[in-house]
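Descriptive analysis of the structure
As a plain string of letters, each chain reads:
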Amino acid sequence: IETVARNIQQVTTLVNDILFLQEMDLILPKFQPVDMFAIAQDVSEKYQDKAAANLLTIQVTATPELPNISGDPKSLERALTALVDNAVKFSPDGGRVDINLSEENSYVVIQVIDQGIGIEEERITRIFNRFYHLEKSGENLFSGIGLGLSITNQVIKQHNGYLSVESAPGKGSIFTVRLKAMRVVL
């Protein structure tokens, strides 16, 4: 029964992800001011139990007075969730995941940094493709369907932002999102 329940959850997640991607292609949500620090804290809280089970710590830091961005909070939370999910999934027990937020050159910069298995250079160009995922690394098997990074990439593009990754096998990964900052002009 446990296996059936887990498989049903995977199918439900797959269907929801596909529907989300389809909706993003068809409907542009109405943008509003979004506090990315609050979203990062919410995502971090959701992953505390999973991180603790793997003896991981998740740390969220932000520069003071971080500006809002204009966007859709639901889709931005989903994008950040996918990055944190991967960071937790691919990090070794006892590792650390950092979510750092700062402002640089009129952009809010969000970095998700892990100490995980890293990504080989030839794979980096494919990791944002739909249904591309790593199933095994050494003796470790990884679950997933390969839509998380595709969703993140689509959301960031929809917000006229930029998504990049720096990684090396055995050294972890840094996923960097850049979104235009909103500044109130008085």
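Up top you'll find the structure we're talking about.
Residues numbered from 1 in each chain as written. Predicted model: local features only at pLDDT ≥ 70, side-chain atom pairs only at ≥ 80, totals over all residues. Heavy atoms only, no water.

1. Topic: the overall build of the protein chain
- Counting secondary structure elements, the protein chain contains six helices and nine strands.
- Within the span of the protein chain, comprising 186 residues, buried residues form 39% of the whole.
- Contacts in the protein chain between residues at least 24 apart in sequence constitute 74% of all its contacts with a sequence separation of at least 6.
- For the protein chain, the exposed area adds up to about 10,800 Å²; of that, 52% sits on carbon and sulfur atoms. (Helix = DSSP H or I, 4+ residues; strand = E, 2+ residues; numbered from the N terminus. Buried < 20%, exposed > 50% of the residue type's maximum accessible area, 1.4 Å probe, protein only. Contact = heavy atoms within 4.5 Å. Areas by Shrake-Rupley, 256 points an atom, 1.4 Å probe, with all protein chains shown as cover.)

2. A few points about the nonpolar core
- The biggest cluster of nonpolar side chains holds 35 residues, and the ones touching the most others in it are Met36, Leu76, Leu80, Val84 and Ile110.
- Listing elements by their share of this core, those giving two or more residues are helix 2 (36–46), strand 2 (57–62), helix 4 (73–90), strand 4 (96–104), strand 5 (107–114), helix 6 (148–158), strand 8 (162–168) and strand 9 (172–180).
- In contact with Met36, not counting residues within four places along its chain, are Ile69, Leu76, Leu101, Val108 and Ile110. (Core = buried A, V, L, I, M, F, W, Y, C linked by side-chain atoms within 4.5 Å.)

3. What about the sheet that holds strand 2?
- The five strands lie next to each other as 2-4-5-9-8, forming an open sheet whose pairing is mixed. The open sheet has two free edges, formed respectively by strand 2 and strand 8, since each of these has just one partner strand. When strand polarity is set aside, the average angle formed by the axes of neighbouring strands in this sheet is 15°.
- Looking at chain direction, strand 4 and strand 5 are connected through eight bridges and run antiparallel. Counted as the bridge partner of Glu104 is Tyr107 from strand 5.
- In the packing of helix 4 onto the sheet, contacts are made with strand 2, strand 4, strand 5 and strand 9, and the angle to strand 5 comes to roughly 25°. (Pairing = 2+ DSSP bridges. Axes fitted to C-alpha atoms, helices over the stretch in contact; angles between N-to-C directions.)

4. A short note on the packing of helix 2 against helix 4
- Helix 4 packs onto helix 2 with a crossing angle of 50° between their chain directions and a minimal axis gap of 10 Å. Between helix 2 and helix 4, the interaxial angle falls into the category oblique. Seen along the crossing, helix 2 lies across helix 4 with a hand that is right-handed. Contacts between helix 2 and helix 4 pair Met36, Ile39, Ala40, Val43 and Lys46 from the former with Pro73, Leu76, Glu77, Leu80, Thr81 and Val84 from the latter.
- Residue classes in the contact of helix 2 with helix 4 are distributed as eight nonpolar, one polar and two charged. (Parallel < 35°, antiparallel > 145°, perpendicular 65-115°, else oblique. Left-handed = near helix turned anticlockwise from the far one by under 90°. Nonpolar A, V, L, I, M, F, W, Y, C, P; charged D, E, K, R; others polar.)

5. Description of helix 2
- Residues Met36, Ile39, Ala40, Val43 and Ser44 constitute the buried set of helix 2. Angularly, the buried residues of helix 2 cover 135° about the axis, an arc narrow enough to put them on a single face.
- Two or three places before Phe37, at the start of helix 2, stands the capping residue Asp35, its side-chain oxygen 3.0 Å from that residue's backbone nitrogen. (Arc of directions from axis to C-beta. Polar contact = N/O pair within 3.5 Å; in protein donor to acceptor, adjacent residues only side chain to side chain.)

6. Some details on the packing of aromatic side chains
- According to the stated counting rule, one finds one aromatic pair in the structure shown.
- Positioned over the ring face of Tyr107 is Lys180, at 5.0 Å from the centre of the ring. (Phe/Tyr/Trp six-rings, centres within 6.5 Å; stacked < 30°, edge-to-face > 60°. Lys NZ or Arg CZ within 6 Å of the ring centre and 35° of its normal.)

7. Observations regarding unusual backbone geometry
- Not every positive phi belongs to a glycine, and Leu55 is a case in point at roughly 55°.
- With respect to the helices and strands, the residue Leu55 is situated in the loop between helix 3 (48–53) and strand 2.
- Even without being glycine, Glu65 reaches a positive phi, approximately 55°.
- Tracing the sequence through the fold places Glu65 in the loop between strand 2 and strand 3 (69–71).

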